[in-house]
Amino acid sequence: MTMKGWRLLPLLASTVLLLSACSSAPGPSTSPQGPSGSSLSGAIVDQRWNLLLLGTDERLSMPETPFFQISRDGSVSGHDGCNRLTGKVTLGENQRIEFSELATTRMACPQMDDAKRVTDMMETAYRYLIDHDRLVFFGPDSRVLGGWREGN
């Protein structure tokens, strides 16, 4: 082995150790999680998410900002801008998300159509992406359905 090869050996060994440490680190669960009794975890759980946009650029003006929060038991609760909402959520591998059994109270408000668009977005959500304090929902066709921002 040449002198140059010997100098690269520590760098190569460090790289191998770093890569093996990364590959053995526990990652997010790849098995579906949700209302079936298992406990949900991850950045999307136990966090309030306030509506930011419908689609890619439409902001809504509503009496109350729509929001939701997913609990560890797989339940979801929140507000669609007019009414309280509840339901269930399942999280799976590759940021898969599925809302089910969404129900809302039935109080009338001037923005009922917008409130329905919020719940429709949640029911249509297929995948999600978290980028810093933002959560984006995508449909089955990879189209952006809307965005949420971390709330307090």
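Our structure's up above, just so we're on the same page.
Residues numbered from 1 in each chain as written. Predicted model: local features only at pLDDT ≥ 70, side-chain atom pairs only at ≥ 80, totals over all residues. Heavy atoms only, no water.

J.: Help me understand the nonpolar core in this model?
T.: Soluble, globular proteins show a tendency: their nonpolar side chains are buried together. Ranked by size, the top nonpolar core spans 29 residues in total, and within it Phe68, Ile97, Phe99, Phe137 and Trp148 carry the most contacts. Where this core is concerned, the elements lending two or more residues are strand 1 (48-54), strand 2 (67-70), strand 4 (84-92), strand 5 (96-104), helix 2 (112-124), strand 7 (134-138) and strand 8 (144-150). When residues in this core are grouped by element, the largest group, 4 residues, is from helix 2. With sequence-adjacent residues up to four places away left out, Phe99 is seen in contact with Phe68, Val76, Lys88, Val89, Met122, Ala125 and Phe137. (Core = buried A, V, L, I, M, F, W, Y, C linked by side-chain atoms within 4.5 Å. Buried < 20%, exposed > 50% of the residue type's maximum accessible area, 1.4 Å probe, protein only. Helix = DSSP H or I, 4+ residues; strand = E, 2+ residues; numbered from the N terminus. Contact = heavy atoms within 4.5 Å.)

J.: Help me out: how do you make sense of the pairing of strand 7 in this one?
T.: Within a regular beta strand, the side chains point alternately toward one face of the sheet and then the other, so they alternate between its two faces. Side chains Leu135 and Phe137 of strand 7 all project onto a buried face; the interleaved residues Arg134, Val136 and Phe138 project onto a face where none is buried. Judged from the 5 bridges that link them, strand 6 (residues 127-131) and strand 7 form a sheet pairing that is antiparallel. Within strand 7, the position partnered with Arg127 by the bridge is Phe138. Between strand 6 and strand 7, which pair antiparallel in sequence order, lie 2 residues; one of them, His132, sits at a positive phi of approximately 60°. Counting the residues between successive antiparallel strands, the hairpin from strand 7 to strand 8 contains 5 residues, one of them, Ser142, with a positive phi of roughly 70°. (Pairing = 2+ DSSP bridges.)

J.: Quick question: what am I supposed to make of the packing of aromatic side chains here?
T.: The geometry of an aromatic ring pair is captured by the separation of the ring centres together with the interplanar angle, meaning the angle of the planes. Counted under the stated rule, the structure contains 5 aromatic pairs. Taking the centre distance of 5.7 Å and the plane angle of 85° together, the rings of Phe68 and Phe99 count as edge-to-face. Of this pair, Phe68 sits in strand 2 while Phe99 sits in strand 5, and the two are 31 residues apart along the sequence. No difference in accessibility class separates Phe68 from Phe99, as the two residues are buried. Aromatic rings pair up to connect Phe68, Phe99, Phe137 and Trp148 into one cluster. Over the ring of Phe67 we find Arg48, and its NZ or CZ is 3.6 Å from the ring centre. (Phe/Tyr/Trp six-rings, centres within 6.5 Å; stacked < 30°, edge-to-face > 60°. Lys NZ or Arg CZ within 6 Å of the ring centre and 35° of its normal.)

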